[in-house]
Amino acid sequence: MSRRRPEHVPSRPTWRCRDCGAGWPCGAAKLRLLRQYRDDRAALLVHLATLYAQASAQLGDTSSAVGLFDRFVSWARVRG
């Protein structure tokens, strides 16, 4: 019997990880996304920006828009 690996995906509309309950993207989701998009960082940023827009609309708290942007997008930018 094989055990299924946990999938760290968002639970909408709360945008918390379905597996660990942390704010999504959690650490495990970030690692998975970096691996998945390792050859195309621009596509990863577009994907994350799209999810950020959806989360922003669903969460509706405009006072934390910068924090939400950091949570969804900023972590994936190339540091240099």
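Fair warning: this is a prediction, and the values are worked out from it, not measured in the lab. (Residues numbered from 1 in each chain as written. Predicted model: local features only at pLDDT ≥ 70, side-chain atom pairs only at ≥ 80, totals over all residues. Heavy atoms only, no water.)

Chemist: Could you clarify how one ought to interpret the overall build of the protein chain in this entry?
Modeler: Along the protein chain, the regular secondary structure elements total three helices and two strands. Sequence-ordered secondary structure for the protein chain, helices as α and strands as β, is β-β-α-α-α. Oriented by its inertia axes, the alpha-carbon framework of the protein chain measures out at about 45 × 30 × 15 Å. Among the 80 residues that make up the protein chain, the fraction classed as buried is 26%. Partitioning the contacts of the protein chain with sequence separation of at least 6, the portion at a separation of at least 24 is 45%. Counting every atom, the protein chain has about 5,600 Å² of accessible surface; 53% of that belongs to carbon and sulfur. Here the protein chain contributes 14 positively and 6 negatively charged side chains, and the mean placements of these two sets differ by 4 Å. (Helix = DSSP H or I, 4+ residues; strand = E, 2+ residues; numbered from the N terminus. Buried < 20%, exposed > 50% of the residue type's maximum accessible area, 1.4 Å probe, protein only. Contact = heavy atoms within 4.5 Å. Areas by Shrake-Rupley, 256 points an atom, 1.4 Å probe, with all protein chains shown as cover. Lys, Arg positive; Asp, Glu negative; His and termini not counted. Charge placed at Lys NZ, Arg CZ, Asp CG, Glu CD.)

Chemist: Mind showing me how you'd approach a positive patch on the surface here?
Modeler: On the surface, a cluster of positive charge is made up of Arg5, Arg32, Arg35 and Arg38. Relative to the helices and strands, Arg35 resides in helix H1 (residues 27-36). Using a relative accessible area of 49% as the deciding quantity, one classes Arg35 as partly exposed. (Patch = residues over 30% accessible without salt bridge, like charges linked within 9 Å, V, L, I, M, F, W, Y side chains within 5 Å. Salt bridge = Lys/Arg side-chain N within 4 Å of Asp/Glu carboxyl O.)

Chemist: Looking at this structure, how should I read the nonpolar core?
Modeler: For soluble globular proteins, nonpolar side chains are generally found buried alongside one another. Trp15, Trp24, Leu33, Leu44, Leu48 and Phe72 are the most contacted members of the largest nonpolar core, which has 17 residues in total. Counting only elements with at least two residues in this core, the list comes to H1, helix H2 (41-59) and helix H3 (65-72). Considering each element in turn, this core owes the most residues, five residues, to H2. Discounting residues that sit within four places of it in the chain, Trp15 has contacts with Pro10, Gly23, Trp24, Leu51, Gln54, Ala55, Gln58, Leu59, Arg71 and Phe72. (Core = buried A, V, L, I, M, F, W, Y, C linked by side-chain atoms within 4.5 Å.)

Chemist: Would you mind going over the side chain of Ser74 with me for this structure?
Modeler: In this structure, Ser74 sits in the segment after H3. Side chain to side chain, Ser74 and Asp70 meet in a polar contact 2.9 Å long. Once you skip the residues sitting within four places of it in the chain, Ser74 turns out to touch Phe69 and Arg79. (Polar contact = N/O pair within 3.5 Å; in protein donor to acceptor, adjacent residues only side chain to side chain.)

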